[in-house]
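Single-letter residue listing:
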Amino acid sequence: MRVYADNAATTAVSPTALEAMLPYLTEKYGNPSSVHSAGQEAAKGLDGARARIAGVLGAEAKEIYFTSGGTEADNWAIQIAMANGAKKNKRHIVSTAFEHHAVLHTLKKAEKNGAEVTLLDVHAEGVVRPEEVAAAIREDTALVTIMYANNEIGTLQPIAEIGKLCREKGVLFHTDAVQAAGHVPIDVVGQNIDMLSLAAHKFHGPKGIGLLYCRGKIPVPVFMEGGAQERGKRGGTENLPAIAGMAAALEEACQNMEIDNRRISRLRDKLIDAVSQIPHSRLNGDRQRRLPGIANFVFEGIEGEGLLLLLDMAGICASSGSACTSGSLDPSHVLLAIGLPHETAHGSLRLSLGAFNTEEEIDHIIKTLPPIVERLREMSPVWERIKKGA
């Protein structure tokens, strides 16, 4: 049996999304900026997709800017906040220690350009506390950027509460919703979100397409010079097939959200209950406040790399954390942020489920994982010390 349990890294394109893409690859392939009929037909498709996505998020079409994915959207959001903040001599940013590197690395670059960054603790449960966000905001704070859901351990953050306090204090609030969009309800107006990033391939859309929502009253500086696309803020011919696929995938995911989440959560909980029986293992992050499909574990005495290789040999695709850092030998910064020691953080496993996973696949993981952990521990000198209480 082949089991794909790495849906937090990417998902399969749904048949609905693929069907929406095909006309713009074969028949309606005109450039949306062209004035002829083929171009205007493409432009109509582009405008329609933008409006549909805006409707799902509770936004206006003019507030949606298409990007190459979540990383670009995160970069752009921080640059928007810093450019607007500089006009008022505001260069302070509040974030958390376990953000995606698309945010953390951009914040480091901002520091080199004169910004001051405060990274908040997310505590053992992997959840930031609104009162600590409020305490960190200063007179010169230009931005609060906190992810909606963590991409490694799946914990959900109190976005509505943070959005409310940021609005009260007059501070821009951005959330990286790449892992959350299509899996939990999002209302940018009701949750007081000023800017939001998402990527289609996390909810069964195509890779290489995402968006930045930016509330209409926020000035948006030019991000990419070129043509007049995206209201002159991001030049370059629009990836219309991918945009159409993203719109269809997001609508479908939100329409099926309640039913899918109920089923996926049940499979996740079954997995958590079984894996937690393995000695010297632990679930990372709050058990209840998490995405339906993500469960992240650590197993003392083993290395995550060996675990992934043996699982793959058994037909199970999983990860030890973010796919964006899979080439790194360092332990996950997310696991370090929730207080795990380096040696324990090395033995992590992220199992992320999606709409296409089945009960039989979960049973296969539950049957396969314990003997693999035992095998690796038998070869580990660290495990021998753990058993002796060292």
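In what follows, the accompanying structure is described. (Residues numbered from 1 in each chain as written. Predicted model: local features only at pLDDT ≥ 70, side-chain atom pairs only at ≥ 80, totals over all residues. Heavy atoms only, no water.)

### Some remarks on the nonpolar core
One finds V133, V144, F203, L211 and M246 to be the most contacted residues of the largest nonpolar core, which totals 65 residues. Setting aside residues no more than four positions away along its own chain, F203 makes contact with T11, A181, G182, H183, L198, M246, A249, L250 and A253. Among the nonpolar cores identified, the runner-up in size contains 27 residues, and V3, F299, L311 and I365 belong to it. (Core = buried A, V, L, I, M, F, W, Y, C linked by side-chain atoms within 4.5 Å. Buried < 20%, exposed > 50% of the residue type's maximum accessible area, 1.4 Å probe, protein only. Contact = heavy atoms within 4.5 Å.)

### Let's talk about the side chain of H204
Mapping H204 onto the fold places it in the loop between β7 (195–199) and β8 (210–214). Separated by 2.7 Å, the side chain of H204 and the backbone oxygen of A12 make a polar contact. Residues contacting H204, with those up to four places away along its chain left out, are N7, T11, A12, V13, S14, A17, A249, A355 and F356. (Helix = DSSP H or I, 4+ residues; strand = E, 2+ residues; numbered from the N terminus. Polar contact = N/O pair within 3.5 Å; in protein donor to acceptor, adjacent residues only side chain to side chain.)

### Observations concerning the sheet that holds β7
Spatially, the seven strands line up as an open sheet ordered β2-β8-β7-β6-β5-β3-β4, and their pairing is mixed. Either end of the sheet is taken by a strand with one partner, and the two such strands are β2 (64–67) and β4 (116–120). Between one strand and the next, the sheet's axes are offset by a mean angle of 20°, whatever the strand orientation. Running at roughly 115° to β2, helix α2 (residues 37–57) makes contact with β2, β7 and β8 of the sheet. (Pairing = 2+ DSSP bridges. Axes fitted to C-alpha atoms, helices over the stretch in contact; angles between N-to-C directions.)

### Things to note about the state of the cysteines
Inspection of every chain in the model, using the stated rule, returns zero disulfides. With no disulfide of its own, C214 has C166 as its nearest cysteine by sulfur position, at a separation of 15 Å. (Disulfide = S-S within 2.5 Å.)

### Quick word on the packing of aromatic side chains
Pairs of aromatic rings are described using the distance from one ring centre to the other and the angle between the two planes. Considering all chains together, one arrives at three aromatic pairs under this definition. Across the ring face of Y65, the terminal group of R231 is positioned such that the distance to the ring centre comes to 4.2 Å. Geometry around W383 places R377 over its ring, the cationic atom sitting 4.1 Å from the centre. (Phe/Tyr/Trp six-rings, centres within 6.5 Å; stacked < 30°, edge-to-face > 60°. Lys NZ or Arg CZ within 6 Å of the ring centre and 35° of its normal.)

### Points about the environment of V122
Looking at where V122 falls in the secondary structure, it is placed in the loop between β4 and α5 (130–136). Residue classification places V122 among the buried positions, given a relative accessible area of 1%. Distance from V122 to A97, taken between C-alpha atoms, is 7.1 Å for residues 25 residues apart in sequence. Setting aside residues up to four positions removed in sequence, V122 forms contacts with T96, F98, V127, V128, A337 and I338.

### Brief notes about empty space enclosed by the protein
Taken as a whole and assessed by the stated rule, the structure comprises two cavities of 30 Å³ or more. Estimated volume of the largest cavity: approximately 160 Å³. Lining the largest cavity are 16 residues, with Q179, H183, G293, I294 and L353 sitting closest to its centre. Here the lining of the largest cavity is built from residues that sort into six nonpolar, nine polar and one charged. (1 Å grid on protein atoms, 1.4 Å probe; cavity = no way out; pocket = protein on both sides within 12 Å on 5 of 7 lines; lining within 4 Å. Points joined across faces, edges and corners; volume = space filled by probe spheres on them. Nonpolar A, V, L, I, M, F, W, Y, C, P; charged D, E, K, R; others polar.)

### Some details on helix α7 (residues 240–255)
For the α-helix, the turn length of 3.6 residues means that residues three or four positions removed from each other point alike. Across its 16 residues, α7 extends 23 Å between first and last C-alpha, which sits within 8% of the 22 Å expected from 1.5 Å per residue. Of all 16 residues that make up α7, twelve are buried, and the element is covered over most of its length. Those residues of α7 lying buried are L240, P241, A242, I243, A244, G245, M246, A247, A248, A249, L250 and A253. Packed against the buried residues of α7 are α1 (15–26), α2, β2, β7, β8 and α8 (257–275). (Expected span 1.5 Å × (residues − 1).)

### Let's talk about the sheet that holds strand β10 (residues 294–299)
The three strands lie next to each other as β9-β10-β12, forming an open sheet whose pairing is antiparallel. Two strands bound the open sheet, and with one partner strand each, they are β9 (281–283) and β12 (348–352). Sheet twist, expressed as the average angle between the axes of neighbouring strands with direction ignored, equals 25°. Relative to β12, β10 is paired through five bridges, and the arrangement is antiparallel. Looking at β12, one finds that A295 is bridged to L351.

### Thoughts on the environment of A110
Relative to the helices and strands, A110 is located in helix α4 (residues 101–112). When the C-alpha atoms of A110 and M82 are compared, they prove to be 8.0 Å apart, with 28 residues separating the residues in sequence. What A110 contacts, discounting residues up to four positions off in sequence, is I93 and A115.

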